[in-house]
Amino acid sequence: PVPTTYCDKDELRTSFALAMSTMYQHEVPAYGTLIDLVREVNDEVATSETFSITERLHLERHGAIRLGTAHELQTVRRIFALIGLYPVDYYDLSVAGLPMHATAFRPVNAVALGKNPFRVFTTLLRPELLSAETREVALKLLRQRQIFSRKLLELIEIGESQGGLTAAQGEIFVLEAIRTFRWQTVAGASREEYQMLKTEHPILADIVCFNTAHINHLTPRVLDIGLAEHRMKAAELNVKSSIEGPPARKIPILLRQTSFLAFEEDIEFPTDNGELIAASHTARFGEIEERGAALTSKGRSLYDEVLAKGIEARGIGGNQGYSSAFKAFPDQLDELLAQGLIFCTFKVVGSADTPGSVARGSDTVTSLMAKGKLIASPITYEDFLPFSAAGIFRSNLGDGHHQDGMPVSLPAGNQASLEQALGCSVLSSEKLYAAEQAKSLEDCARRLGLQEI
Ligand code: OOG
Ligand code: NI
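What you see as residue numbers is a count from 1 along each chain, following the sequence as written. For this description, chains carry letters from A and ligands carry numbers from 1, given in the order in which they are written. Two thresholds apply to this predicted model, a pLDDT of at least 70 for residue-level local features and 80 or more for giving and counting side-chain atom pairs, whereas whole-chain, interface and lining totals are computed over all residues. To get the side-chain values, take all heavy atoms of the structure and skip hydrogens and water.

### Focus on the environment of Leu237
So, step 1. For Leu237, the position within the fold is in the loop between helix H11 (225-234) and strand S6 (255-260).
So, step 2. Using a 1.4 Å probe on the protein chains alone, a residue whose accessible area is under 20% of its type maximum counts as buried, one over 50% counts as exposed, and one in between counts as partly exposed. Exposure remark for Leu237: the relative accessible area of 15% places this residue in the buried category.
So, step 3. For the pair Leu237 and Leu34, spaced 203 residues apart in the sequence, the C-alpha separation amounts to 9.0 Å.
So, step 4. Note on contacts: a residue pair is in contact if any heavy atoms of the two residues lie within 4.5 Å. Ignoring any residue separated from it by four or fewer positions in sequence, one finds Leu237 in contact with Ala30, Leu34, Met232 and Phe260. Strands are runs of DSSP state E lasting at least two residues, helices are runs of H or I lasting at least four, and both sets are numbered from the N terminus onward.

### Looking at the packing of aromatic side chains
So, step 1. Centres within 6.5 Å make a pair out of two Phe, Tyr or Trp rings, where for Trp the six-membered ring is used; the pair is then stacked when the planes are under 30 degrees apart, edge-to-face when over 60, and tilted otherwise. One pass over the structure, following the stated rule, counts 15 aromatic pairs.
So, step 2. Ring plane angle 80° and centroid distance 6.3 Å describe the contact between Phe16 and Phe80, whose orientation is recorded as edge-to-face. With Phe16 in helix H1 (residues 9-27) and Phe80 in helix H4 (residues 70-82), this pair connects stretches of sequence that are 64 residues apart.
So, step 3. Here Phe80 falls in the buried class, since its relative accessible area comes to 1%.
So, step 4. Of the aromatic side chains, those joined through ring pairs into one cluster are Phe16, Phe80, Phe105, Phe118 and Phe181.
So, step 5. A cation over a ring is seen here: Arg314 above Tyr322, with NZ or CZ 4.2 Å from the ring centre. For a ring to carry a charge above it, either NZ of a lysine or CZ of an arginine must fall within 6 Å of the ring centroid while also lying within 35 degrees of the normal to the ring plane.

### Quick word on the domain arrangement of the protein chain
So, step 1. If you check the domain split of the protein chain, you get domain 1 (9-291 + 382-422), domain 2 (295-330) and domain 3 (344-378 + 427-453).
So, step 2. Where each domain begins and ends follows an automated or database-derived domain assignment. Each of domain 1 and domain 2 has a C-alpha centre, and the two are 27 Å apart.
So, step 3. At the junction of the two partners, domain 1 supplies 12 residues and domain 2 supplies 11 residues.
So, step 4. Summed over both partners, the interface of domain 1 with domain 2 buries about 960 Å², with 69% contributed by carbon and sulfur atoms.
So, step 5. For this analysis, a salt bridge means a side-chain nitrogen from Lys or Arg found within 4 Å of a carboxyl oxygen belonging to Asp or Glu. Our enumeration of links across domain 1 and domain 2 arrives at zero salt bridges.
So, step 6. By the criterion applied in these results, polar contacts are pairs of N or O atoms within 3.5 Å in which, for protein atoms, one can donate a hydrogen and the other can accept it, and in which residues neighboring in sequence qualify only through two side-chain atoms. Taken together, domain 1 and domain 2 are joined by three residue pairs in polar contact (both at pLDDT 80 or more).
So, step 7. Polar here means any residue other than Ala, Val, Leu, Ile, Met, Phe, Trp, Tyr, Cys and Pro, which are nonpolar, and Asp, Glu, Lys and Arg, which are charged; Gly is therefore polar. In the side of domain 1 that touches domain 2, the residues fall into eight nonpolar, three polar and one charged. A simple way to read buried area is as the amount of 1.4 Å-probe accessible surface that goes missing from two parts once joined, with both sides added.

### Quick look at the side chain of Thr212
So, step 1. Along the polypeptide, Thr212 turns up in the loop between helix H10 (202-208) and strand S5 (218-220).
So, step 2. At a separation of 2.6 Å, a polar atom in the side chain of Thr212 contacts the main-chain carbonyl oxygen of Arg182.
So, step 3. For Thr212, the residues in contact, after removing those within four places along its chain, are Arg145, Ile147, Arg179, Thr180, Arg182, Trp183 and Gln184.

### Some remarks on the sheet that holds S5
One key point about sheets: their strands pair by backbone hydrogen bonds, in either a parallel or an antiparallel sense.
So, step 1. Being paired, for any two strands, means DSSP has found at least two bridges between them. Pairing is mixed across the open sheet formed by five strands, whose spatial order is S2-S3-S4-S1-S5. The open sheet is flanked by strand S2 (86-92) and S5, the only strands paired with a single partner. Recorded for the sheet is a direction-independent mean angle of 20° between the axes of neighbouring strands.
So, step 2. Two strands pair when backbone bridges link them, and strand S3 (residues 100-106) and strand S4 (residues 119-125) are joined in this way by six bridges, in the antiparallel orientation. Bridge pairing in S4 places Ala102 opposite Thr123. Convention adopted: a line fitted to C-alpha atoms gives each axis, helices being fitted over their contacting stretch, and angles between N-to-C directions are expressed from 0 to 180 degrees.

### So, the site of ligand 1
So, step 1. The full set close to ligand 1 counts 11 residues, and His62, Arg66, Asn216, His217 and Gln257 are the nearest of them.
So, step 2. Here an oxygen atom of ligand 1 and a side-chain polar atom of Asn216 are 3.1 Å apart.
So, step 3. For the accessible areas, the method is Shrake-Rupley and the probe is 1.4 Å, while residue cover comes only from the protein chains on display. Protein contacts shield 100% of the accessible area of ligand 1, which totals 320 Å² for the unbound molecule.
So, step 4. Mapped onto the shell around ligand 1, the elements with two or more residues apiece are strand S1 (61-67) and helix H16 (386-395).
So, step 5. Ranked by residue count, the leading element in the shell around ligand 1 is S1, at three residues. By convention in this text, a residue qualifies as near a molecule or strand provided that one of its non-hydrogen atoms is within 4 Å of it.

Laid out in structure tokens, this is it:
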């Protein structure tokens, strides 16, 4: 018999991401405007600078979903594993006054990331942080709903036991998986239940009152977010007041994001007599992002310190103060490296045969770079910024539930409970970046005939 071949996970992820993008474009037409505008900016910037428009950039998106139960999270983890997405890092959203915690599903090796770095920020409700009455209603609604189709659950089982999906199975799998994340106009809760949850926290109504885990935004990556923000305003999109994250820099770091505010959408509540009550719901929005270098833990501490100062300064003196605070973060590649603030990959300059003549055992990254034997390029940050995420959340909850500035605090996060719900541990982004850097230095050492660098 002919051996069965299964679809490549990276290709299946691309089919999934494209199907998601098409669906979201139908659901939220302004997302289509955003995609066109981002593509335009990327094409322009790429011709005037050294960036090459890679296949990765055209495909690059992140989405966000909000789940209610451990079973939902575990099933989503199994769906995503079949398309090569794995949970990375723990995000404690209680620091922003939200009764939720999160992980991000994403590809974890350079090859898969290069093909299609699709990511999904995935939050899980923490019912223990709700008031007793609200918790009871939320848990009842969550027990009643089934957000996965039977066909999808079957295909997950098949995929796991076979170790992959055939092309025909993969096609149905993508269709069924996408259905989990679509928007549904008819709520899965009564108007009274919705109101009760919304009063405790607007996000609760969004997480619990619908029968799908609707994707709430899908974000393309742009090479120049300042320019894209300008174009968003020109296209009359309702852009939020400022870009989240670090101010513009020569060497971009982490993430800069902005969004157009969530819009009101028509929904309907079911009633006992079978009639539907018309209402509206505000949750979904559009976002763009520019990505920069991944930071080491030392770099991240400095960033957090500078960010806190910037936020404080903004409160007193406006945006100028915010930007000034960031001057304390070096913006030269050699300095960033010398201080150990960012992760990089390295390349040997020149021919492979002769470099040994210059490199010595005592050479370091810095000395080799100074001799022109090694060049560094920053590793792209593939993750999220919880503080920035909190800002995005706050600006899209509709009714100013929390004020801008320092967030309200709930009890601390609980990574162990998220991992238990997930059914596995989350990977550490810092370890992934460090491993990539170490591997590239090993390759360079070999080419230079050195034991190690
Ligand atoms: C997730 C927000 C997090 C980001 O870009 O930081 C996020 C949500 O609103 O559910 O997508
Ligand atoms: Ni986002």
